[in-house]
Amino acid sequence: MQKQAVQVAPEGTHGKGRIRAHDAWALELPVLLDAMNTQAVEIDLGQHGMQAALAVLPDRICVLVRPGLSEQELSVAIRSLLARYIHRPSPHLVLWPREGHGVVVKEPSDVLADLVLGDPPDATADVIHLYKDGNWAPKDGWRSDEEVLTELLKLAAVDMKGVVEDIPEEMYPLPDGLGAVVSAGYDSEGLAHPLVFLRGDLAVGLRVDLLGFCLALAAGTEHEGREPDENGLFYVGTDAGPVRGPGTALLGALMVQRLGRRPGDCAFRLLDPPEDSAPGVESAA
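Undergrad: Account for the overall build of the protein, with residues named and values stated.
TA: When you go through the protein residue by residue, the secondary structure sums to 7 helices and 10 strands. Burial status across the protein gives 46% buried among its 285 residues. Taking the contacts inside the protein whose residues are at least 6 apart along the sequence as the reference set, 72% of them involve residues at least 24 apart. Working note: accessible area of the protein is about 14,500 Å², and carbon and sulfur atoms make up 50% of it.

In structure tokens form, the structure reads like this:
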């Protein structure tokens, strides 16, 4: 019998039930607000240009939103503030529209300071059971990192018809911070077939999160507007930040979770191409 997604995660999964930044984007919005004891309130935020702000009150988190936002803008504003709060709790945050598209979240130095009534609580809500049998609950229960890595490799080879290999030993030492090199070929229907060279001397959990990100990147999801180099290659670092919204990092994190691991930070940094050629790859053609 398959394990149920509501069971306690085994040793080896990351962070067990602790809420993480990707949860702010994966959970249903009412479920997220309830889990974090958060209330959203429309209020005039003045002429500063802010779309929304977060303030920690004595018994709850309050998200203040400018009246007139669309349903999509409202969702993005709330999720962006809570994702940022989860990653680094702060008694107050503000959200501004970014020129072009998107939003930016900041810790203000003085704006809304009079609303801060206490230190921010740690964001430790247990969210595993909130996924229940939803789209991003582990499809076969929580597994060890080694098992999830095996499933990811199978996904890459069978479903995506791609190749994942360790970076050859003769290529070491590697450029500082390099975790993987990623490319993709495309078939006649436009489907991506990933080619990933993955660093083999990393902890298994980090390899799992990194591979999830790489497969999402190869599939063509947007990541900060970055393009591959002239050979069609991306160079992915080992440093990662929190998931900040839809795109490569979120898809990678949820892919990993679907296969049975609670992911860590999955917004891996893309590196500039090194002077030397990539490990065993001359062209993505």
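Undergrad: Describe the environment of L271, and please don't skip the residues or the numbers.
TA: Within the secondary structure layout, L271 lies in strand 10 (residues 267-271). Between the C-alpha atoms of L271 and Y235, which are 36 residues apart in sequence, the distance is 5.3 Å. Contact partners of L271, with chain neighbours within four places excluded, come to D176, G177, L178, R226, Y235, V236 and G237.

Undergrad: Pulling in residues and values, what's your account of the sheet that holds strand 9 (residues 234-241)?
TA: Spatial ordering of the open sheet is given by 6-8-7-9-10, a layout of 5 strands whose pairing is mixed. Sheet topology places strand 6 (163-166) and strand 10 at the edges, where each strand pairs with a single neighbour. Ignoring which end each strand starts from, the neighbouring axes of this sheet average 30 degrees apart. Here strand 7 (residues 178-186) pairs with strand 8 (residues 192-198) via 7 bridges, running antiparallel. Along strand 8, the bridge assignment pairs S183 with L195.

Undergrad: Got a sec to walk through the pattern of salt bridges? Specific residues and values, please.
TA: Enumeration according to the criterion identifies 12 salt bridges in this entry. A salt bridge links R84 to E107; the shortest N-O distance between them is 2.5 Å. Placement of the pair is R84 in helix 3 (residues 71-87) and E107 in the loop between strand 5 (103-106) and helix 4 (128-131), with a sequence separation of 23 residues. With a relative accessible area of 41%, E107 lands in the partly exposed category. When the shortest N-O distance is used, the salt bridge between D209 and R261 registers 3.0 Å. One end of the pair, D209, is in helix 6 (residues 204-218); the other, R261, is in the loop between helix 7 (248-258) and strand 10, and 52 residues separate them in sequence.

Undergrad: Explain the environment of W142 residue by residue, including any values.
TA: Within the secondary structure layout, W142 lies in the loop between helix 4 and helix 5 (145-159). Taking the C-alpha atoms as reference, W142 lies 4.2 Å from G260; in sequence the two are 118 residues apart.

Undergrad: Tell me about unusual backbone geometry, and please be specific about residues and values.
TA: Here N37, not a glycine, exhibits a phi torsion of approximately 50 degrees, which is positive. Tracing the backbone shows N37 in the loop between helix 2 (29-35) and strand 1 (38-42).

Undergrad: Outline the nonpolar core, supporting the account with residue identities and numerical values.
TA: By size, the foremost hydrophobic cluster in this structure holds 65 residues, and its most contacted members are L54 and V236. Considering each element in turn, this core owes the most residues, 9 residues, to helix 6. Grouped together as the second largest cluster of nonpolar side chains are 8 residues, V181, F197, Y235 and L271 included.

Undergrad: Describe in detail the packing of helix 6 against helix 7, supporting the description with residues and values.
TA: Packing of helix 6 against helix 7 brings their axes to within 8 Å, and their N-to-C directions diverge by 125 degrees. Classified by the angle their axes make, helix 6 and helix 7 are oblique. Relative to helix 7, helix 6 is oriented so that their crossing is right-handed. Taken together, the residues of helix 7 that come into contact with helix 6 (itself represented by V208, D209, G212, F213, L215, A216 and L217) are T248, A249, L251, G252, M255 and V256. Grouping the constituent residues of the contact of helix 6 with helix 7 by class yields 9 nonpolar, 3 polar and 1 charged.

Undergrad: Would you mind going over the environment of P273 in detail, with residue names and values included?
TA: With respect to the helices and strands, P273 occurs in the segment after strand 10. Sequence separation of P273 and F234 is 39 residues, and the distance between their C-alpha atoms is 7.7 Å.

Undergrad: Describe the packing of helix 5 against helix 6, naming the residues involved and giving the relevant values.
TA: Any two packed helices are characterised by how steeply their axes cross, that is the angle between the axes, and by the distance between the axes. Two numbers describe how helix 5 lies on helix 6: the axes approach to 9 Å, and their chain directions differ by 25 degrees. Classified by the interaxial angle, the pair formed by helix 5 and helix 6 is roughly parallel. For the pair helix 5 and helix 6, the crossing hand works out as left-handed. Between helix 5 and helix 6, the contacting residues are D145, E146, V148, L149, L152, L153, L155 and A156 on the first element and V204, G205, R207, V208, L211, G212 and L215 on the second. Among the residues forming the contact of helix 5 with helix 6, the class breakdown is 10 nonpolar, 2 polar and 3 charged.

Undergrad: Let's hear about the sheet that holds strand 1: which residues, and what values?
TA: Read from one edge of the open sheet, 5 strands run 1-3-2-4-5, paired in mixed fashion. The open sheet is flanked by strand 1 and strand 5, the only strands paired with a single partner. If you compare each strand with its neighbour and ignore which way they point, the axes differ by 20 degrees on average. Strand direction decides the pairing type here: strand 2 (residues 52-56) and strand 3 (residues 61-65), joined by 5 bridges, are antiparallel.

About the cut-offs
- Residues numbered from 1 in each chain as written.
- Predicted model: local features only at pLDDT ≥ 70, side-chain atom pairs only at ≥ 80, totals over all residues.
- Heavy atoms only, no water.
- Helix = DSSP H or I, 4+ residues; strand = E, 2+ residues; numbered from the N terminus.
- Buried < 20%, exposed > 50% of the residue type's maximum accessible area, 1.4 Å probe, protein only.
- Contact = heavy atoms within 4.5 Å.
- Areas by Shrake-Rupley, 256 points an atom, 1.4 Å probe, with all protein chains shown as cover.
- Pairing = 2+ DSSP bridges.
- Axes fitted to C-alpha atoms, helices over the stretch in contact; angles between N-to-C directions.
- Salt bridge = Lys/Arg side-chain N within 4 Å of Asp/Glu carboxyl O.
- Core = buried A, V, L, I, M, F, W, Y, C linked by side-chain atoms within 4.5 Å.
- Parallel < 35°, antiparallel > 145°, perpendicular 65-115°, else oblique.
- Left-handed = near helix turned anticlockwise from the far one by under 90°.
- Nonpolar A, V, L, I, M, F, W, Y, C, P; charged D, E, K, R; others polar.

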